[in-house]
Amino acid sequence: MPPHRRTSAETLLAYAFESAAFTATEAIDATGLTRSTVLAACEELVRLGWLRGLDDARAAGEYRKGRPARRYELDTSAGVVVGVDAGQHRVTAFVADLRGTVLGRAEGALGESGLEVPVRLGVIAETVATALAAAGTDRSRVLVTVVGIPAPVDAAGASPDDGGFWDRMNPGFADAVPHGRVVVENDANLAALAERPSSGDASFAALLSGERFGSGLVVDGVLLRGAHGGAGEMRVLGLVEGVGSSDGIGATARTLVAEAIATGEIRPGHPLATAPDAAAVFRAAADGDPAARTIVDRLGGRLARVCVLLASLLDIDRVVVAGAIAAPAAAVIDRARAWLESGEFDPVPEIVASSLGADVVVIGAVAHAVDAVRADPLAFPLVSAGQPVAARAPGPRVPSS
């Protein structure tokens with residue numbers, strides 16, 4: 001809610017989310033609330049389980065004279081959030097505290113069974129349960145679960161009817177993930193949320209680029225969604241000359257290898273004849289193999305055309321090539337960059353590789369879940385308030401979106 005309509009407890013809790021340990025005086029200076037209001041709100045939030053009281057400032061070595069001030073901080077273990085990347089072939093789940101610090105993670109494989117809804121839901125449920133166990137907590141402590149899927153998602157969490165694929169990617173997750181608030185979101189949108197901290201004020205596209213192209217679009221600071229959640233869907237690439245489909249870099253690399261084998265450019269005994277995947281193509285190109293270098297050139301030209309399309313429609317500053325393919329495909333990105341720098345299509349966006357690797361979607365899911373809690377924390381009842389989960393070595397911090 002707008003700051004002028006917040007209750008004193010909500011105002012103080014918003015400050016606690018932004019701060020480390022604080023005294024009442026520091027909270028008064030930051031929020032403009034009176035001392036009696038701050039002290040009453042602190043006590044109420046301690047009772048509810050959102051804050052915990054600490055040693056006073058003198059005991060902490062931060063106070064020398066006069067009456068020592070009591071200190072408070074957000075109890076980051078008051079609840080947990082769950083982020084899930086529910087792809088067609090692989091599932092990753094992170095459990096994080098209320099500042100986005102990862103406490104536990106797990107992965108599950110769907111293989112070729114990702115379109116079978118019972119199998120899909122079963123693997124997701126098992127993966128989330130394993131991540132919760134790794135975090136030393138249970139499903140009753142989960143406040144928000146965000147599930148990222150390779151399909152457009154509207155404001156109600158539903159996907160349009162496309163004849164089957166999107167329905168199977170989004171069959172409903174209420175029984176597969178912990179109770180609490182469940183949010184379903186497009187995976188490329190979550191990638192964009194994960195990339196936003198590193199892109200600053202730029203208008204950009206986070207381009208998932210492995211098996212299929214899909215883009216999360218941030219323009220003038222706003223994540224674009226569209227009437228049916230379909231902003232950034234790339235099926236239109238089937239109509240773009242020189243691109244021809246929404247197949248990503250990995251899938252297209254395999255297609256180009258198969259074409260080269262069919263035309264005799266790659267002969268029996270060539271390494272790519274027995275290992276026709278993108279990683280093998282990139283290794284062979286780095287070793288100077290002519291056929292592999294030709295494929296990398298073609299992949300780079302195709303990626304550049306996708307970037308031109310995005311920039312022409314949206315006037316974006318940057319395209320972030322995201323997903324597990326981003327780092328291995330450095331040569332493809334270099335080739336696309338050179339193609340754009342020819343000057344034919346000025347102005348063109350900067351093309352960069354994401355540094356978040358295969359976890360970009362699940363990182364965005366955790367950030368989205370933390371943001372959901374921070375937007376209205378008092379709407380979430382806490383279980384076993386004041387009894388945090390067992391202390392654990394902290395994992396990586398997931399940036400807030």
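Residues numbered from 1 in each chain as written. Predicted model: local features only at pLDDT ≥ 70, side-chain atom pairs only at ≥ 80, totals over all residues. Heavy atoms only, no water.

Participant: Just to check I follow, could you spell out the overall build of the protein for this structure?
Facilitator: Counting its secondary structure elements, the protein contains twelve helices and 13 strands. In terms of principal-axis extent, the alpha carbons of the protein reach across some 85 × 50 × 40 Å. Within the protein, contacts between residues separated by at least 24 positions form 67% of all contacts whose residues are at least 6 apart in sequence. Total accessible area computed for the protein in this model is approximately 18200 Å², and 52% of it derives from carbon and sulfur atoms. Placing the 36 positive and 48 negative side-chain charges of the protein at their respective mean positions leaves the two points 7 Å apart. (Helix = DSSP H or I, 4+ residues; strand = E, 2+ residues; numbered from the N terminus. Contact = heavy atoms within 4.5 Å. Areas by Shrake-Rupley, 256 points an atom, 1.4 Å probe, with all protein chains shown as cover. Lys, Arg positive; Asp, Glu negative; His and termini not counted. Charge placed at Lys NZ, Arg CZ, Asp CG, Glu CD.)

Participant: I tried to follow the packing of helix H2 (residues 24-31) against helix H3 (residues 35-48) on my own but got confused; where do I start?
Facilitator: Contact geometry of H2 with H3 gives a least axis separation of 9 Å together with a crossing angle of 115°. Considering the angle they form, H2 stands roughly perpendicular to H3. Of the two elements, H2 crosses H3, and the hand of that crossing is right-handed. Residues Ala-24, Thr-25, Ala-27, Ile-28 and Thr-31 of H2 form the contact with H3, whose own contacting residues are Arg-35, Val-38 and Leu-39. Classifying every residue of the contact of H2 with H3 by side-chain character gives five nonpolar, two polar and one charged. (Axes fitted to C-alpha atoms, helices over the stretch in contact; angles between N-to-C directions. Parallel < 35°, antiparallel > 145°, perpendicular 65-115°, else oblique. Left-handed = near helix turned anticlockwise from the far one by under 90°. Nonpolar A, V, L, I, M, F, W, Y, C, P; charged D, E, K, R; others polar.)

Participant: Even after reading the chapter, I still don't get the sheet that holds strand E12 (residues 318-322), so can you show me in this structure?
Facilitator: Strand order in the open sheet made by the five strands is E11-E10-E9-E12-E13, with mixed pairing throughout. Each of the sheet's edge strands pairs with one partner strand only, and the pair in question is strand E11 (222-223) and strand E13 (350-353). Examined bridge by bridge, E12 and E13 share four bridges and lie parallel to one another. Of the residues in E13, the one forming a bridge with Val-319 is Ile-351. (Pairing = 2+ DSSP bridges.)

Participant: Quick question: what am I supposed to make of the packing of aromatic side chains here?
Facilitator: For any pair of aromatic rings, geometry is given as the distance between the ring centres together with the angle between the planes. The final tally for this structure, using the stated rule, is three aromatic pairs. Between the aromatic rings of Tyr-15 and Phe-22, the centroid separation amounts to 5.0 Å while the plane-to-plane angle is 70°, which identifies the pairing as edge-to-face. Aromatic side chains Phe-22 and Tyr-72 sit 6.2 Å apart centroid to centroid with 35° between the ring planes, which places their arrangement in the tilted category. One end of the pair, Phe-22, is in strand E1 (residues 22-23); the other, Tyr-72, is in strand E3 (residues 71-74), and 50 residues separate them in sequence. Its relative accessible area of 2% is what places Tyr-72 among the buried residues. Put simply, the rings of Tyr-15, Phe-22 and Tyr-72 touch in pairs and so form one group of aromatic residues. One residue, Arg-212, lies across the ring of Phe-165, its end atom 4.8 Å from the ring centre. (Phe/Tyr/Trp six-rings, centres within 6.5 Å; stacked < 30°, edge-to-face > 60°. Buried < 20%, exposed > 50% of the residue type's maximum accessible area, 1.4 Å probe, protein only. Lys NZ or Arg CZ within 6 Å of the ring centre and 35° of its normal.)

Participant: Is there a simple way to explain the sheet that holds strand E7 (residues 142-149) in this structure?
Facilitator: The strands that make up a sheet pair up through hydrogen bonds in the backbone, lying either parallel or antiparallel. Across the sheet, which stays open at both edges, the five strands sit in the order E6-E5-E4-E7-E8 with mixed pairing between neighbours. The open sheet is flanked by strand E6 (102-109) and strand E8 (181-186), the only strands paired with a single partner. Taking each pair of neighbouring strands and ignoring which way they run, the sheet shows an average axis angle of 15°. Strand direction decides the pairing type here: strand E4 (residues 80-86) and strand E5 (residues 90-96), joined by six bridges, are antiparallel. Of the residues in E5, the one forming a bridge with Val-82 is Val-95. This element, helix H6 (residues 187-199), spans E7 and E8 of the sheet and lies at about 95° to E8. Here helix H12 (residues 360-375) sits on the sheet and contacts E4, E5, E7 and E8; the angle it forms with E4, its principal contact strand, is near 145°.

Participant: What is the right way to look at the nonpolar core in this model?
Facilitator: Among soluble globular proteins, nonpolar side chains are generally buried collectively. Counting residues in each nonpolar core, the largest one holds 54 residues, and the members touching the most others are Leu-12, Phe-22, Trp-50, Val-81, Leu-98, Val-144 and Val-373. Among the elements that take part in this core, H12 stands out by supplying ten residues, more than any other. Those residues within four positions of Val-81 in sequence are excluded, and the remaining contacts are Phe-94, Val-95, Ala-96, Asp-97, Leu-98, Val-144, Val-366, Ala-369, Val-370 and Val-373. Core analysis: the next-biggest nonpolar cluster, separate from the first, contains 45 residues, Ala-284, Val-296, Ala-326 and Ala-329 among them. (Core = buried A, V, L, I, M, F, W, Y, C linked by side-chain atoms within 4.5 Å.)

Participant: Where do I start with the confidence of the model for the protein in this structure?
Facilitator: It should be kept in mind that the predicted coordinates are not to be read in detail where pLDDT is low. Residue-level pLDDT values for the protein average 90, and 91% of them are 70 or greater. Overall, residues 385-394 carries pLDDT values under 50, and its contacts beyond four positions in sequence, including any with other chains, amount to 16 contacts. (pLDDT = per-residue confidence, 0-100.)

Participant: How should the pairing of E12 be read in this particular structure?
Facilitator: Side-chain direction in a regular strand flips from residue to residue, so the side chains alternate between the two faces of the sheet. The element E12 is largely enclosed, with a buried count of five among its five residues. Alternating positions in E12 separate into two faces, Arg-318, Val-320 and Ala-322 on one and Val-319 and Val-321 on the other, with burial throughout. Note that strand E9 (residues 204-208) and E12 share five bridges and pair parallel. Within the sheet, the bridge partner assigned to Ala-206 lies in E12 and is Val-320. For the crossover from E12 across helix H11 (residues 330-340) to E13, the handedness is right-handed. (Right-handed = clockwise from strand over helix to strand, strands pointing away.)

Participant: Which parts of the structure should I look at to understand the pattern of salt bridges?
Facilitator: Across all of its chains, the model carries 14 salt bridges by this definition. Taking the shortest distance from any N to any O, the salt bridge between Glu-73 and Arg-52 comes out at 2.8 Å. Linking Glu-73 in strand E3 with Arg-52 in strand E2 (residues 51-54), this pair joins segments that are 21 residues apart in sequence. In this structure Glu-73 comes out as buried when scored by relative accessible area, which is 18%. Here the salt bridges share partners, and the residues they tie into one network are Arg-90, Arg-105, Glu-107 and Asp-359. (Salt bridge = Lys/Arg side-chain N within 4 Å of Asp/Glu carboxyl O.)

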